[in-house]
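A closer look at the structure
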Amino acid sequence: MKPRLALLALQRQRPGTFALLMAATCLLMLLAAAMALALRGAARQVSGATATRVLVQVVDANPDRRDATADEVMARLDRIHGLGSAHRVSMEQAQALVAPYMDGVQVSQLPLPVLIELDGGDRARLARSFADLPHVQVTAAGAELGPLIRLIDALRGVSLGIALTAAAASGLIAMLAARAALAREGPTLNILHALGATDRQISYLVTGKIARDAGVGAAIGLGAALLIILTIASRIAAIGAGISPALSASAWVTLLLLPVGLVGLAVLAAQAALLVALRQAP
Amino acid sequence: MAYANHGRRQAASIALPFKCFTWLALPCHAVVNRIFRGAKRTTMAGIVHFDNVGLRYGTGAETLAGLSFTLMPGSFHFLTGASGAGKTSLINLITLAQRPSRGIVSLFGEDTAGLPRNRLPAIRRRIGVVYQDFRLIPQLSAFDNVALPLRISGMAERDIGSRVEELLDWVGLAPRASAKPATLSGGEQQRVAIARAVITHPELIVADEPTGNVDPDMAARLLHLLEVMNRQGTTVLIATHDVHLLRQMPGANIMRLAKGRIDDPTGSVRFPPRESVS
C-alpha cells in the first residue's frame with residue numbers, strides 16, 4: 001500500500017479511547033513486570049547469599065566440654081577440602097548479640113552455644129563429619145530462608161501473571177479496535193475492495209492507525225510507569241539497611257523494550273482479527 | 001443466449017459523429033490513444049459469461065434467476081429494466097461484490113466460484129466500475145480518488161502524477177484536482193468516478209446508472225466518453241433505464257431485465273428501444 005493511501009480518514013483521526021486503554025494496560029504491565037524483575041533480583045540476592053552458608057553450633061551447657069568440642073570441630077574443618085572459610089564467633093560477640101534482649105541478666109553467665117559460620121560448605125557432608133560429636137548441630141542457612149524465598153517466588157509468579165494478563169488484554173483491545181475500525185470505515189474499505197485492494201492492503205491501512213495509537217498509548221504508559229518505579233526505587237533506597245531496588249541494567253532494558261513488544265502484539269492481534277473479518281466479505 | 005458484439009466494427013456504424021467535448025483540451029482520439037497506450041485486451045471467447053446464474057438474499061425468492069449470457073470482448077451493452085428488476089444485483093455479481101447463489105459466473109475466462117480469495121483482487125483490477133452514487137472517498141481529493149486504483153495496484157508514485165493529471169484534464173477537471181468530492185457538483189463527481197474507473201485501462205467497464213445524477217448534456221458527454229473507450233477495445237456494460245441514453249447508441253446491445261430474468265431471449269439489438277424500457 002502506497003504512502004498516500006495514508007490520507008484516508010482512519011489514518012488521520014486523533015488517538016482516542018484505544019490509545020488510553022493501551023496506556024492503562026501498558027502501565028499495569030510495566031509495574032507488574034518491574035515487580036517481577038525486582039523480586040527475581042531479590043530472590044537471587046537472598047538465595048545467593050545463603051545457599052552455601054552453613055552454621056555449626058556446639059550446644060553444651062558444660063563450658064569446658066563445649067570449648068573442647070568446638071576446638072575439635074575447627075580442627076576437623078581444617079582437614080575438610082572445599083570449604084570456603086570458617087569463622088568461629090567469639091563468646092564476646094555472641095554475648096553482645098544476645099545482651100540487648102536480656103534486660104538485667106548477666107549474659108556472661110548464660111550457657112550460649114559456640115557458633116561457627118561456614119561459607120561454601122555442604123550441610124549433609126558436614127553433618128556426617130560431625131556425627132560422632134553429640135552436641136554439634138549443623139544448619140544450612142538457606143533452609144531457614146526457604147519459606148521466604150518461596151514466598152518471593154510466589155509473588156514473582158503473581159506479578160508475571162498480571163503482566164501477561166495485561167499484555168493479553170492489550171491484544172484483545174487491539175482486536176476490538178480493529179473490528180470497530182472495520183465497521184466504522186466499512187464504506188471506504190468496501191470501495192478499496194471494489195477497486196482491487198487485497199485483504200492485506202486493507203488490513204495494513206487499519207493496523208497502521210492501530211500501531212500509531214498503540215505507540216502513543218505505550219509511550220504514555222511507559223512514562224507513567226517509569227515515574228512510579230523511580231519514585232518507589234528512591235523510597236526503598238532511602239530506607240537503607242542494605243535494601244536496594246534490585247533492578248539490574250538488563251531489567252531496565254527489559255522494561256524499556258516491553259512497550260515495543262506490546263505494540264507489536266497489538267498490531268499482530270489486530271492484523272489477525274482484520275484478516276479473519278475481511279475473509280467474510282465477498 | 002449470447003450477447004456478442006464487436007466494438008470496433010460496431011463503432012463504425014455509430015451515428016454520432018466522433019467529436020470532442022467542449023471540456024476536452026485535446027482531440028479525444030489522440031488523448032485516448034495516449035492514455036490507453038499499451039493496454040492489454042482479452043482475446044478470450046467471452047469476457048463475462050453467466051451460466052444459469054441465480055441470486056437469492058437470505059431465504060427470500062430469487063432476485064436473479066436463470067441468467068445465461070456472454071459479453072464478448074470489445075462489445076457495448078446496455079442493461080435495462082425497471083427499478084427493482086435486478087440491474088444492480090447483476091452488476092454486483094459481475095464486479096464480484098456478491099457471489100451467486102447458484103450457477104456459474106466466469107470473468108475473463110475463469111470461473112469465479114472456484115477462484116481462491118487471494119486471486120479476486122487481480123480480477124477486480126481488470127474491471128472499472130462507475131457506481132450510481134459515485135462512491136468517491138470523501139476525505140481524498142479528486143486527484144487522490146482517481147489515483148487510488150493505481151496506488152492499490154502498486155504503481156510507483158512518480159508514474160502516477162502525470163497519468164492522473166492527464167486523465168483529469170481529459171475529463172475537464174484539471175483545475176479541480178485538489179477539490180474534495182463534497183465541493184464538486186454531481187456531474188464533476190461523476191467524471192471523477194469515471195476517471196477512477198478507467199485509469200487502470202480496465203478490460204471491462206461496468207457503469208450503474210452513470211447518468212442518473214447529471215443533466216442530459218452531461219449524460220451525452222459521459223456516454224461519448226465510454227463510447228470512445230469502447231472504440232479502444234474496452235467492453236462496456238451500462239445499466240440504465242434512461243431511454244434517451246439508449247437512443248444515443250443505436251448499435252449497442254440491450255439486455256432487458258424483468259423480475260430478475262432476462263426478458264429478451266433473442267439478445268438481438270433493439271433500436272429504437274421499446275418504450276416500455278423506461
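Starting from 1, residues in each chain are numbered consecutively following that chain's sequence as written. Each chain takes a letter, starting from A, and each ligand takes a number, starting from 1, following the order in which they are written. Where local features are concerned, this predicted model is filtered to residues with pLDDT of at least 70; where side-chain atom pairs are given and counted, the filter is 80 or more; whole-chain, interface and lining totals use all residues.

1. Examining the overall build of chain B
- We count a stretch as a helix when DSSP gives it H or I for four or more residues in a row; a strand needs E for two or more, and each element gets its number in order from the N terminus. The helix and strand inventory of chain B stands at nine helices and 10 strands.
- Partly exposed residues are those whose C-beta has more than 12 but fewer than 20 other C-beta atoms within 10 Å; with 20 or more the residue is buried, with 12 or fewer it is exposed, and the C-beta atoms are placed from the backbone. Of all 278 residues assigned to chain B, the portion counted as buried reaches 46%.

2. Looking at the overall build of chain A
- The number of helices and strands found in chain A is nine helices and four strands.
- What you see in chain A, going N to C, is helices and strands ordered as α-α-β-α-β-α-β-α-β-α-α-α-α.
- Pairs at least 24 apart in sequence give 86% of the contacts found in chain A among residues at least 6 apart. A pair of residues counts as a contact when their C-beta atoms, built from backbone coordinates, are separated by no more than 7 Å.

3. Side note on the interface of chain A and chain B
- Listed as interface residues are 17 residues of chain A and, on the opposing side, 22 residues of chain B.
- Tallied by class, the residues present in the side of chain A that touches chain B amount to 10 nonpolar, four polar and three charged. Amino acids outside the nonpolar list (Ala, Val, Leu, Ile, Met, Phe, Trp, Tyr, Cys, Pro) and the charged list (Asp, Glu, Lys, Arg) are all regarded as polar, and Gly is one of them.

4. Quick word on the sheet that holds strand E2 (residues 85-89) of chain A
Residue and element names in this part refer to chain A.
- At least two bridges found by DSSP between two strands are what make those strands a pair. Sheet architecture is open: four strands sit in the order E2-E3-E1-E4, paired in antiparallel fashion. Lying at the two open borders of the sheet, with one neighbouring strand each, are E2 and strand E4 (136-140). Sheet twist, expressed as the mean angle between neighbouring strand axes with direction ignored, is 20°.
- Looking at chain direction, strand E1 (residues 53-58) and E4 are connected through five bridges and run antiparallel. Think of each axis as a best-fit line through the C-alpha atoms, taken over the contacting stretch in the case of a helix, with angles from 0 to 180 degrees between the N-to-C directions.

5. Observations regarding the nonpolar core
- Ranked by internal contacts, the top residues of the largest apolar core, which has 125 residues, are Leu30, Ala178 and Ala270 of chain A.
- If we skip the residues at most four places from it in the chain, Ala270 of chain A touches Ala174, Met175, Ala177, Ala178, Val206, Thr207 and Ile210 of chain A. As used here, a nonpolar core is made of buried Ala, Val, Leu, Ile, Met, Phe, Trp, Tyr and Cys residues. They are joined through C-beta atoms within 7 Å.

6. Section: the packing of helix H6 (residues 141-184) of chain A against helix H8 (residues 199-239) of chain A
Residue and element names in this part refer to chain A.
- In the contact formed by H6 and H8, the axes pass within 10 Å of each other and the chain directions differ by 135°. With respect to H8, the element H6 is oriented oblique. Relative to H8, H6 is oriented so that their crossing is right-handed. From H6, Ala174, Ala177, Ala178, Ala181 and Leu182 reach across to H8, where they touch Val206, Lys209, Ile210 and Ala214.
- Residue composition of the contact of H6 with H8, grouped by class: eight nonpolar, no polar and one charged. Every angle not falling under 35 degrees, over 145, or within 65 to 115 is termed oblique; those three ranges are roughly parallel, roughly antiparallel and roughly perpendicular. Put simply, a crossing is left-handed when the front helix is turned counterclockwise from the back one by less than a right angle, and right-handed when it is turned clockwise.

7. Details of the sheet that holds strand E5 (residues 110-111) of chain B
All names here are of chain B.
- With respect to topology, four strands assemble into an open sheet ordered E2-E1-E4-E5, the strand pairing being antiparallel. Looking at strand neighbours, the two that pair on one side only are strand E2 (62-71) and E5, the edges of this open sheet.
- Sheet topology note: the strand E1 (residues 48-56)/strand E4 (residues 102-107) ladder contains five bridges and is antiparallel. The residue of E4 that forms the bridge with Phe50 is Val105.
- Sitting on the sheet, helix H3 (residues 87-94) touches E1, E2 and E4, and the angle it makes with E1 is about 125°.

8. Some remarks on unusual backbone geometry
Residue and element names in this part refer to chain B.
- With phi around 50°, Arg135 is a residue other than glycine that occupies positive phi space.
- Overall, the presence of 19 C-beta atoms within 10 Å leaves Arg135 in the partly exposed class.
- A positive phi angle, near 55°, is found at His201, a position not held by glycine.
- Among the structural elements, His201 can be located in the loop between helix H7 (186-198) and strand E7 (204-208).

9. Overview of the environment of Gly223 of chain A
- Structurally, the position occupied by Gly223 of chain A is in helix H8.
- Here the alpha-carbon distance between Gly223 of chain A and Leu27 of chain A, two residues 196 residues apart in the chain, equals 8.4 Å.

10. Examining the confidence of the model for chain B
All names here are of chain B.
- Each residue carries a pLDDT value, the predictor's own confidence for that position, ranging from 0 to 100. Mean pLDDT over chain B works out to 77, with 78% of the residues at or above the 70 mark.
- Per-residue pLDDT stays below 50 along residues 37-43; that stretch engages in 10 contacts with residues further than four places along the chain or on separate chains.
- Scored as a complex, the prediction yields pTM 0.65 and ipTM 0.75.

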